[in-house]
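Chain residues, written in single-letter form:
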Amino acid sequence: MGLQPCPHFAGAPDLEGDGIDRSEGRSLPWSGLALGLADLSAVAALGRPHLVGVVGAANAGKTTLLAAHWLAARRGVGDFGYRFAGSYTLIGWHQIARHLQWVPHGRGFPPHTTAPDNRTPALLHTAVSIGRDSPTHVLHTDVPGEWYSEWAYDVAQAPGAAWIAEAADAFVILADSDALAGPERGTARGDYETLAGRLASVAQGRPVVPVQTKADIRVPGKIQAHIDGLNARLFGAVTVRVSVHDRDCEPVTAAIDLGTAAALAPRRARVADDRSESNDSFLAFRSAAGQS
């Protein structure tokens with residue numbers, strides 16, 4: 001870049017004249033790109049990472065919400081911007097966020113997310129400073145919407161989405177206003193209902209944040225009521241409406257902020273409903289499988 005080289009970086013020339021060959025230093029154990037499952041050891045070695053599964057059909061806005069979250073963090077705004085404490089995936093974040101920058105650096109919304117296979121999800125990493133303890137590590141998923149569309153109808157067809165469903169601490173599920181108001185709105189409503197039903201069946205008490213993207217687009221009243229009722233019934237939550245145009249809606253940064261907060265929130269083990277067989281407090285926390 002035409003700047004002065006760092007004398008501490010592996011491979012830097014001998015700027016101090018001490019005769020030490022710094023070209024033989026060890027390379028960094030990460031590339032800066034989005035992490036794959038094989039890369040998680042570098043993060044897990046520092047502490048248990050918290051995973052936020054961003055769920056939604058193609059073009060629902062998953063990558064755009066992640067990019068907006070990152071741009072806010074770069075400016076130190078948003079619920080977690082001022083808590084930012086590092087990232088192993090700086091290049092991965094930049095690759096999606098650069099599209100939202102001013103011309104000539106950016107030219108619009110991020111392109112459609114693709115993946116070389118349907119098994120390895122792309123994971124974007126951040127470390128956040130909470131309290132006086134060491135930084136807490138958070139991973140956000142960025143995968144093609146086709147994964148979730150297949151997973152909603154057949155789990156075996158999308159092993160990457162199934163892994164996310166099993167590993168995530170919290171979920172953000174997206175309903176696309178554009179699709180719900182378009183000519184195929186009936187199909188879009190059915191697809192969202194199927195996906196939401198699948199997610200509710202596997203969440204098993206883990207928090208789910210239902211979000212309606214592009215909320216400045218008016219959705220027919222009956223479809224809107226159906227989506228809101230579905231989210232309330234399946235997830236016990238009010239639909240969060242986000243938009244980049246309508247100031248009456250939540251900002252686009254709210255979706256990932258809420259999902260991250262949900263993933264970081266402490267949770268307690270649920271006590272079994274029936275403890276008639278034993279008064280032992282330890283046995284009261286057995287899973288349903290353990291009680292059968």
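In the block above lies the structure referred to throughout.
Cut-offs applied
- Residues numbered from 1 in each chain as written.
- Predicted model: local features only at pLDDT ≥ 70, side-chain atom pairs only at ≥ 80, totals over all residues.
- Heavy atoms only, no water.
- Helix = DSSP H or I, 4+ residues; strand = E, 2+ residues; numbered from the N terminus.
- Buried < 20%, exposed > 50% of the residue type's maximum accessible area, 1.4 Å probe, protein only.
- Contact = heavy atoms within 4.5 Å.
- Areas by Shrake-Rupley, 256 points an atom, 1.4 Å probe, with all protein chains shown as cover.
- Pairing = 2+ DSSP bridges.
- Phe/Tyr/Trp six-rings, centres within 6.5 Å; stacked < 30°, edge-to-face > 60°.
- Axes fitted to C-alpha atoms, helices over the stretch in contact; angles between N-to-C directions.
- Parallel < 35°, antiparallel > 145°, perpendicular 65-115°, else oblique.
- Nonpolar A, V, L, I, M, F, W, Y, C, P; charged D, E, K, R; others polar.
- Core = buried A, V, L, I, M, F, W, Y, C linked by side-chain atoms within 4.5 Å.

### Examining the overall build of the chain
Logical step 1: When helices and strands are counted, the chain shows ten helices and seven strands.
Logical step 2: Within the span of the chain, comprising 292 residues, buried residues form 41% of the whole.
Logical step 3: Taking all contacts inside the chain whose residues are at least 6 apart in sequence as the whole, residues at least 24 apart take part in 71%.
Logical step 4: When the accessible area of the chain is evaluated, it comes to approximately 16,600 Å², of which 53% is carbon and sulfur surface.

### Quick look at the pairing of strand β5 (residues 170-176)
Logical step 1: In terms of burial, β5 is a largely internal element, seven of the seven residues being buried.
Logical step 2: Going residue by residue along β5, you find A170, V172, L174 and D176 tucked away on one face and F171, I173 and A175 tucked away on the opposite face as well.
Logical step 3: With four bridges connecting them, strand β1 (residues 50-55) and β5 associate as parallel partners. Its bridge partner lying in β5, G53 is registered against F171.
Logical step 4: In terms of strand pairing, β5 meets strand β6 (residues 208-213) through six bridges, oriented parallel. Looking across to β6, one finds that D176 is bridged to T213.

### Looking at unusual backbone geometry
Logical step 1: A positive phi is found at N59, a non-glycine position, where the angle reads about 70°.
Logical step 2: Among the secondary structure elements, N59 is positioned in the loop between β1 and α2 (62-75).
Logical step 3: N59 gets classed as exposed once you look at its relative accessible area, which sits at 57%.
Logical step 4: Even without being glycine, Q204 reaches a positive phi, approximately 50°.
Logical step 5: Topologically, Q204 is positioned in the loop between α7 (185-203) and β6.
Logical step 6: According to the relative accessible area criterion, Q204 is exposed, its value standing at 62%.

### Section: the packing of aromatic side chains
Logical step 1: Summed over all chains, the structure comprises three aromatic pairs.
Logical step 2: Residues W70 and W93 carry aromatic rings whose centres are separated by 5.0 Å and whose planes lie at 10° to one another, so their mutual orientation is stacked. Here the residue W70 occupies a position in helix α2, and W93 occupies one in helix α3 (residues 90-97), the gap between them amounting to 23 residues. The two residues W70 and W93 agree in class, both being buried.
Logical step 3: Taken together, a centroid distance of 6.5 Å and an interplanar angle of 75° make the contact between Y148 and W151 edge-to-face. Taken as a pair, Y148 and W151 lie in helix α4 (residues 145-153) at a separation of three residues, close to a single helical turn. We note that Y148, like W151, is buried.
Logical step 4: Among the aromatic residues, those joined into a cluster by ring pairs are W70, F84 and W93.

### Considerations on the sheet that holds strand β2 (residues 84-86)
Logical step 1: Ordered in space as β2-β3-β4-β1-β5-β6-β7, the seven strands form an open sheet in which the pairing is mixed. Looking along the sheet, the strands with just one partner apiece sit at the ends: β2 and β7 (240-241).
Logical step 2: For β2 and strand β3 (residues 123-128), the ladder comprises two bridges, and the chain directions are antiparallel. What sits directly across from G86, in β3, is A127.
Logical step 3: Across the face of the sheet, α7 comes into contact with β1, β5 and β6 while running at roughly 170° to β5.

### What to know about the packing of α4 against helix α5 (residues 159-167)
Logical step 1: In the contact formed by α4 and α5, the axes pass within 8 Å of each other and the chain directions differ by 80°. What the angle tells us is that α4 and α5 run roughly perpendicular. Across the interface between the two elements, W147, Y148 and W151 of α4 pack against G160, A161, A162, I164 and A165 of α5.
Logical step 2: Taken together, the residues of the contact of α4 with α5 sort by class into seven nonpolar, one polar and no charged.

### Digging into the environment of P251
Logical step 1: Assignment of secondary structure puts P251 in the loop between β7 and α9 (253-264).
Logical step 2: For P251, a relative accessible area of 45% corresponds to the partly exposed category.
Logical step 3: The spacing of P251 and L65 is 186 residues in sequence and 9.8 Å in space, taken between C-alpha atoms.
Logical step 4: Ignoring any residue separated from it by four or fewer positions in sequence, one finds P251 in contact with V242 and S243.

### So, the side chain of T126
Logical step 1: Examined against the element boundaries, T126 turns out to sit in strand β3.
Logical step 2: Residues in contact with T126, not counting those within four places in the same chain, are W70, F84, G86, S87, W93, T136, H137, V138 and H140.

### Considerations on the nonpolar core
Most often, soluble globular proteins keep nonpolar side chains buried together rather than apart.
Logical step 1: Of all hydrophobic cores here, the largest spans 34 residues; its most connected members are Y148, W151, I173 and Y192.
Logical step 2: Of all the secondary structure elements, the ones that give two or more residues to this core are α1 (40-44), β1, α4, α5, β5, α7 and α8 (221-235).
Logical step 3: Excluding anything up to four places from it in sequence, W151 contacts A158, A161, A162, A165, L195, R198, L199 and V202.

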